[in-house]
Amino acid sequence: METRTTDAGVDRAAARLGEIQRAVGEVVVGQDRLVESMLVALVCRGHVLLEGVPGIGHRTQNGPYFDYHHSPADTLDKVNPDDLDQEYLHQLRHNTKINRLSIGVQSFNDTILKLMNRRHSADEAANCIKNAQDAGFENISIDLIYGVPGMKLDDWKRTLEQFSDFQIPHLSAYHLSIEPRTVFAHFQKKGKLSPIPEEESSAQFEYLMKFALDKAYDHYEISNFAFPAYYSKHNLIYWTGEPYLGIGPSAHSFYGHRRGWNIANNTSYIKSIEKG
């Protein structure tokens, strides 16, 4: 079936890529030659997940894009389900070099999504995955969270079974941690929320490992599971000590001998980019 697109869809895809360009452009084309040389080196090794975004190089229909005359195996866009619709996904897949999506699903349970203050519903998450596959994305990863207060083992089993229905080649599964100065920490202090019991937490993790084994996923990293040939390169390099460049609010980078991270506040981050 022919997929019809409009100028609005092209504009949305270009705008998304433009956000990344603005985050990178000032660094790469500016005076920070250390970061520029590191970016080039990472592209050569296949560890940059940003080739195909508007920025340096010649132009495509959607604007300029990175072109160091190298082609990393993974060109990744990390997104939330409510960021995506059919038209936008089609533009990303067919008018950019993005070939891998990492979707922040978190759960297929509406109660848990609401507790975690997520904007999307379980149905929207499922539709997003189907739309991505229909658009031609095969290399997809989703994030799921377990160990959420109030979550039972049966809830976790149902979420994993729904994940399995899509035959997605990569899963990142994280146990919820209650960090200081977060909403969850505030609720816990006020007695409105209690951490999940340790035995329930352990049961959910043990089931996750059994599930992955039964479904032929390799447990190749603490929180990551994949079919062979679908391991995430950027997950692996954290363990091999290779440099990586983080772009966006709170993103971390490693330069070989030192680490750095961006400011966490979204508004402050955007303003700093606009100021150059």
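Please read these numbers as outputs of a predicted model, since none were measured by experiment. (Residues numbered from 1 in each chain as written. Predicted model: local features only at pLDDT ≥ 70, side-chain atom pairs only at ≥ 80, totals over all residues. Heavy atoms only, no water.)

Colleague: How should I be thinking about the overall build of the chain in this particular structure?
Modeller: In terms of helices and strands, the chain carries 10 helices and 10 strands. Counting over 276 residues, the chain shows a buried share of 47%. For the chain, contacts bridging at least 24 residues in sequence account for 65% of all contacts bridging at least 6. By element, 49% of the accessible surface of the chain is carried by carbon and sulfur atoms, the whole surface being about 15,200 Å². (Helix = DSSP H or I, 4+ residues; strand = E, 2+ residues; numbered from the N terminus. Buried < 20%, exposed > 50% of the residue type's maximum accessible area, 1.4 Å probe, protein only. Contact = heavy atoms within 4.5 Å. Areas by Shrake-Rupley, 256 points an atom, 1.4 Å probe, with all protein chains shown as cover.)

Colleague: How do you make sense of the pattern of salt bridges when you look at a structure like this?
Modeller: Between side chains of opposite charge, a pair can form as their charged atoms come close. This structure, assessed with the given rule, holds four salt bridges. Measuring nitrogen to oxygen at the nearest pair gives 3.0 Å for the salt bridge that ties Lys-130 to Asp-134. Taken together, the positions of Lys-130 and Asp-134, both in helix H5 (residues 122–134) and four residues apart, correspond to about one turn of that helix. Look at Lys-130 and you get partly exposed, because its relative accessible area is 45%. Note that Lys-210 is salt-bridged to Asp-214, the shortest N-O span being 2.8 Å. You can see Lys-210 and its partner Asp-214 sitting in helix H8 (residues 198–214), four residues apart, about one turn around the helix. Using a relative accessible area of 49% as the deciding quantity, one classes Lys-210 as partly exposed. (Salt bridge = Lys/Arg side-chain N within 4 Å of Asp/Glu carboxyl O.)

Colleague: What's the story with the confidence of the model for the chain in this structure? I'm lost.
Modeller: Keep in mind that low pLDDT regions are not for reading the predicted coordinates in detail. Summary statistics for the chain give a mean pLDDT of 75 and a share of 71% for residues scoring 70 or more. Residue range residues 1–6 is modelled with pLDDT below 50. Its contacts to residues more than four positions away, or to other chains, number five contacts. A low-confidence stretch, residues 23–73 stays under pLDDT 50, and its non-local contacts, those more than four residues away or across chains, total 105 contacts. (pLDDT = per-residue confidence, 0-100.)

Colleague: In this structure, what is going on with the packing of aromatic side chains? I would like to understand it.
Modeller: Here the distance between the centres and the angle between the planes together describe a pair of aromatic rings. A complete count under the given rule lists seven aromatic pairs for this structure. Pairing Tyr-146 with Phe-205 gives two aromatic rings, centres 6.4 Å apart and planes at 20 degrees, and the pair type is stacked. Here Tyr-146 is found in strand S5 (residues 139–146), whereas its partner Phe-205 is found in helix H8, with 59 residues between them in sequence. An angle of 40 degrees between the planes, with centres 5.7 Å apart, marks the rings of Phe-163 and Tyr-217 as tilted. Here the residue Phe-163 occupies a position in helix H6 (residues 153–165), and Tyr-217 occupies one in the loop between H8 and strand S7 (218–221), the gap between them amounting to 54 residues. Across the pair, exposure class does not vary: Phe-163 and Tyr-217 are buried alike. Among the aromatic side chains, those forming a connected cluster through ring pairs are Phe-163, Phe-211, Tyr-217 and Phe-227. The ring of Phe-137 carries Arg-93 above its face, with NZ or CZ at 5.5 Å from the centroid. Across the ring face of Phe-254, the terminal group of Arg-259 is positioned such that the distance to the ring centre comes to 4.3 Å. (Phe/Tyr/Trp six-rings, centres within 6.5 Å; stacked < 30°, edge-to-face > 60°. Lys NZ or Arg CZ within 6 Å of the ring centre and 35° of its normal.)

Colleague: Can you help me understand the environment of Tyr-88 in this one?
Modeller: For Tyr-88, the location among the structural elements is in helix H3 (residues 86–95). In sequence terms Tyr-88 and Ala-132 are 44 residues apart; their C-alpha atoms lie 9.6 Å from each other.

Colleague: Whenever I open this one, H8 confuses me. Can you help?
Modeller: Since there are 3.6 residues in each turn of an α-helix, residues three or four apart along the chain are aligned in direction. In a regular helix each residue adds 1.5 Å, so 17 residues correspond to 24 Å; H8 covers 24 Å between its end C-alpha atoms and thus fits that length. Regarding H8, the residues found buried are Glu-200, Ser-201, Gln-204, Tyr-207, Leu-208, Phe-211 and Ala-212. Axial view of H8: buried residues confined to an arc of 135 degrees, hence all on one face. In H8, the exposed positions angled more than 90 degrees off the buried face are occupied by Glu-198, Glu-199, Glu-206, Leu-213 and Asp-214. Positioned one or two residues after H8, Ala-216 has a phi angle of 70 degrees, which is positive. (Expected span 1.5 Å × (residues − 1). Arc of directions from axis to C-beta.)

Colleague: Which parts of the structure should I look at to understand the side chain of Ser-201?
Modeller: Considering the arrangement of structural elements, one finds Ser-201 in helix H8. Judged by relative accessible area, Ser-201 falls into the buried class, the value being 15%. Apart from residues lying up to four places away in sequence, Ser-201 is in contact with Tyr-146, His-175 and Ile-196.

Colleague: Is there a simple way to think about the pairing of strand S6 (residues 170–175) in this case?
Modeller: The side chains of a regular strand alternate, residue by residue, between the two faces of the sheet. As judged from the six bridges shared by S5 and S6, these two strands associate in the parallel manner. Its bridge partner being in S6, Ile-145 is matched across the sheet by Tyr-174. The handedness of the S5 to S6 crossover, carried by H6, is right-handed. Where S6 meets strand S8 (residues 224–226), three bridges bridge the pair, whose relative direction is antiparallel. Of the residues in S8, the one forming a bridge with Leu-171 is Phe-225. (Pairing = 2+ DSSP bridges. Right-handed = clockwise from strand over helix to strand, strands pointing away.)

Colleague: Explanation requested: unusual backbone geometry in the structure shown.
Modeller: Apart from glycine, the bulk of residues carry a negative phi angle, and the bulk of peptide bonds sit in the trans form. The backbone of Arg-181 shows a phi angle near 60 degrees, a positive value even though the residue is not glycine. Position of Arg-181 relative to the elements: it lies in the loop between S6 and helix H7 (183–189). Residues other than glycine seldom take positive phi values, yet Ala-229 does so here, at roughly 80 degrees. Looking at the element boundaries, Ala-229 is found in the loop between S8 and helix H9 (233–240).

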